[in-house]
Every structure is written in structure tokens, then in C-alpha cells.
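Structural overview
Okay, here's what each chain looks like letter by letter:
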Amino acid sequence: MIEIMSASALATVQDLGRCDALRWGVGTAGAMDPLALAAGNILLGNDAGAAAIEVPVFPFQVRFTQDGVFALTGADCAARLDDAPLLPWWAGQARAGQVLSLGLPRGGAWAASRAYLCLAGGVDVPQVLGSRSTQLRGAFGGFEGRALRQGDVLRAAVSGSPAARPTGFGLVPPALALPLQRDGVPAMRVLPAAEYSHYTEASRAAFWAAEWKITAQSDRYGYRLAGPVLEARTTVEMRSHGIVPGVIQVPSGGQPIVQMRDAQPSGGYPKLGTVIEADLWRLGQAPIGSRVRFIETTWEQATAALDETDAWLAEARRLVELARHQRARS
Amino acid sequence: MRFDSIQQLSAWLADTDIAVLELSGPGVSLRLHQGDALGTIEAQGAAPPATPVRPQGLTVRAPSVGVFLAAHPLHSSPLASPGARLRAGEPIGLMQVGALLLPVHAPQDAIVRAVRAAPGTPVGFGTPLFELDPL
């Protein structure tokens, strides 16, 4: 069991998302960096989709109220267990009373903005509509349908002696194993969407060529980007229609909005493109104020990219299982 | 170690160009020579003392095969530079095996005398990585 010590809001319980509920108008929610969530779970021998705590605001502190194992992935936050520094993307164990502290994310080799704290078996919250993710808009799922507060006590789904779950190893972050940059700037691959052809040739070229700044009006609902003004050749007016995380809408001001994990499931703005599923974690980790670029891609490349991340996860699980097996014997 | 595993290892060894195979684990060490009729197996009655008497220093060896890293891949500063004071059990280097990172621990309180392996290079099991001066 852990107790939240930080007053800072916005940390939420997330899993890989409520992906089968869009037909009822329920957004997906889920981890902004599903790869970090899955990697943290793999480090503990959990299902890749077990629920964890997503931390977007630092510093963040939890106290272990009993012995337990944990894994920390995502942003490198100079974490400490009491006074002992912890390596990033690492599985460790804590004794009752110890305090896990996450500091401000460090830049270093990978500038990221969200950390994931995984527990043995996942964070034990009820499944709602097939997921344990916090649906903030509907105020259900996760921990009481809301962001975590100071004093909240969360349970690991699997309790018992930490000795049963070997720890003390880590993973190389996939940002280093699967890097994607354009001219030194983090990049995401984008599929042109239905209204792409409505934009002027100059605007389409600018979309691919520009660096886009992630503005302060960016959160789990959507990222508002700042860059060149994108102009449609004709005014595009549409009825609301289904949208998914990754869809890039362009409201009349000409500054794009990328729908993120807490996006509502429908919208009426014209769609210029869609950040591919395999690259959404890269955008989900891009800090406010940082710049990103977009690379045009195809359906085949988009599915191949998803295969690549799946292969990374499968290899990570295989190697972690070997390490766990070895440690359990010695 | 079971005797049939030694026979299996010998059989595997015979099919390779490897001259010597050395295995050591808690309480036992095994040495097999290619072409020799003699293999040796040493059972140590008790675990070796935690602080071996080595006035000239303490060698920390690679706990597994892998790529030796002096720093975490996200960081630029090494975990243990020469002159650094170490506490027993703290990670002083990493072994990278694909996506996996395994720690190399300080066996006891010590000061780093030298880093013996070049960071970023593949090393074998038992390759000397650090020389430490025990405290």
C-alpha cells in the first residue's frame, strides 16, 4: 500500500485505456506514454496493461505503508527512496515507512514530462467499462474517478513479500532504442487525414516543415500547438463526427490541436492529419514549451511502427523474465 | 551442480573451439579444459569471506556477459569515477544486455581506484571492471 504525500494535483491512475467504449461516446483515457506504462509493468512481471500512477507534476512523493516492489519509468525525475538515489527505468523494493520522491524531470538524453509508478500486479482499483483508467470528464474509473490527493491510500493488486518478485534491474528507455528526430527535434509520424487536401499547398508544406511549439494550453485532453498559420482553401464546416487520440484538428485560427488521451470522442473541426498510434507516446512525453516536428507517413509505415514497438516490448519482457528467473534462483 | 550437467557441458565444449570453460557459483567452481582428460571441480566448504584480504585492492568483475556502461544511458556522468567513495551495495556500473540493464554493485565500502573496462564495450563474464580500495 502507498499513501500519496504530495498536495500537487493531476496525478491519475491509468492503464492502457478504455479502448472499447468509444461507441458509447466514452473517451479512451489511458496513459499518455503507454510504452513507459507497459515497460514498468514488464519490469515487475505484471500484465503490460496493469494500472499505474501517471505523474505529470513534480515534485511528487508517496510513502510505502507496507513492504512492496515498484517500478519507475517515463520521465527521469532524479528519484530517491528516502536518501538513496534510484536509477531511471528501474524496478526496486521499498520497506514500510520509506518515502519515494520524484523531483523535477531532468533533461539529459531524453526530455520527458511524465513519470509512471507501477506496483506489483498493478494499482488495485475497480475496472469500469473494461479499464482502470481515470475518466476525468465523466468522473469515473481510476481512483474514485478523480486525480489523486494528499492522503489517498492505494493498494497494489498483489501483496505479499517483495522477495517473491525479484527487482534490482532496469530497461534502456525506448526513446533511446527507438529514437525519432528531425533536425534535432523530437518528431512524430503523421497520416494525412480526411480534410488534408482542403488546406493550401503552402500550409501543407509549412505543416511538415515547421517546428511546432507545445503551448501552455496543453494537457491530457489535447495539445495546442503554435507555429505558422494553416489556411484552408475553402471554409470547411462539418457536423461533429467521431475522433480518436492523435487526430490533429485545425480550428479557424489556423493553429492545430492534437487530441490526446482524454479527448472527447467527437468533434467538428477539420482534420489535417493523425499522429500514428505508435508515436503518440513521444508526443505525450513532450514537455510544454518544447518543440516537435511532424513526418508524413503511410498506413503501411504506421502499422510497421506499431510492430516495432510491440517487438521492443516483447524483447524487453523476454530479457526481464530471464533476469527475474536468474535472481529468483540465486 | 549436478554431474550430468557437467557431462552435458563437456559434450557442448567438445563441439566448440573454446579451450577452457570456467564456471563459478556459490560454493563451487568448475574448470573444464578442451583436449585434457582432466576437469577440475572445487567445492568450497564455506562461502568465501566477505572481505578477502587483498591489500593491493579489490577487483570488481562483470557479473554477466554484456556491454559495460559506466553511466546510465540517460545520464552523462558516470556512476562511479576514480576517487569516488562508495557504499556497499550501491550500483557503480551497468551491464547492458539488449534492452536490459543489470547493475554492478560495490561489494563493500570502498574508494574507486580505477575503471578497468572501456565504457560501451562488450565484456565477458568475470572481466575486471573496477579496481577499488576497500575502506
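Residues numbered from 1 in each chain as written. Chains lettered and ligands numbered in written order. Predicted model: local features only at pLDDT ≥ 70, side-chain atom pairs only at ≥ 80, totals over all residues. Heavy atoms only, no water.

1. Brief notes about the overall build of chain A
- Across its full length, chain A holds 5 helices and 22 strands.
- Compactness check: chain A gives a C-alpha radius of gyration of 20 Å against a globular reference of 20 Å for 330 residues, within 12% of the reference.
- Over its C-alpha atoms, taken along the principal directions, chain A stretches across nearly 65 × 40 × 30 Å.
- Each of the 330 residues in chain A was classed as buried or not, and the buried ones make up 54%. (Helix = DSSP H or I, 4+ residues; strand = E, 2+ residues; numbered from the N terminus. Rg over C-alpha atoms; globule rule 2.2 N^0.38 Å. Buried < 20%, exposed > 50% of the residue type's maximum accessible area, 1.4 Å probe, protein only.)

2. Examining the packing of helix α1 (residues 34–44) of chain A against helix α5 (residues 299–329) of chain A
All names here are of chain A.
- Running from N to C, α1 and α5 cross one another at 20°; their axes reach a closest spacing of 8 Å. With respect to α5, the axis of α1 lies roughly parallel. The two elements α1 and α5 meet at a crossing, and its hand is right-handed. Across the interface between the two elements, Leu 35, Ala 38, Ala 39, Ile 42, Leu 43 and Leu 44 of α1 pack against Thr 309, Trp 312, Leu 313, Ala 316, Arg 317, Val 320 and Arg 324 of α5.
- Residue composition of the contact of α1 with α5, by class: 10 nonpolar, 1 polar and 2 charged. (Axes fitted to C-alpha atoms, helices over the stretch in contact; angles between N-to-C directions. Parallel < 35°, antiparallel > 145°, perpendicular 65-115°, else oblique. Left-handed = near helix turned anticlockwise from the far one by under 90°. Contact = heavy atoms within 4.5 Å. Nonpolar A, V, L, I, M, F, W, Y, C, P; charged D, E, K, R; others polar.)

3. Quick notes on the pairing of strand β8 (residues 90–94) of chain A
All names here are of chain A.
- Most of β8 sits out of view: 4 of its 5 residues are buried.
- Pairing of strand β5 (residues 68–74) with β8, which is carried by 5 bridges, proceeds in the antiparallel orientation. Looking at the pairing, Val 69 lines up with Gln 93 of β8.
- In this structure, β8 lies alongside strand β12 (residues 169–171), joined through 2 bridges in antiparallel fashion. Note that in β12 the partner of Trp 90 across the bridge is Gly 170. (Pairing = 2+ DSSP bridges.)

4. Digging into α5(A)
- Between its first and last C-alpha, α5(A) extends 45 Å over 31 residues, near the 45 Å set by a 1.5 Å rise per residue.
- Looking only at α5(A), the buried set comprises A:Ala302, A:Ala305, A:Thr309, A:Trp312, A:Leu313, A:Ala316, A:Leu319, A:Val320, A:Ala323 and A:Arg324. (Expected span 1.5 Å × (residues − 1).)

5. Regarding the sheet that holds strand β9 (residues 110–115) of chain B
- The 4 strands are arranged β4-β11-β9-β6 (chain B) in an open sheet whose pairing can be described as antiparallel. Of all the strands in the sheet, just β4 (58–61) and β6 (85–86) of chain B have a single pairing partner and so form its edges.

6. Quick notes on the domain arrangement of chain A
Residues and elements named next belong to chain A.
- Each domain of chain A was delimited in the assignment, giving domain 1 (2–175) and domain 2 (181–297).
- Listed by partner, the interface residues are 29 residues for domain 1 and 19 residues for domain 2.
- Surface buried jointly by domain 1 and domain 2 totals about 1800 Å² across both partners, of which 53% is contributed by carbon and sulfur atoms.
- On inspection of domain 1 and its partner domain 2, the count reaches 1 salt bridge. (Domains from an automatic or database assignment. Buried area = accessible area lost by both parts, 1.4 Å probe. Salt bridge = Lys/Arg side-chain N within 4 Å of Asp/Glu carboxyl O.)

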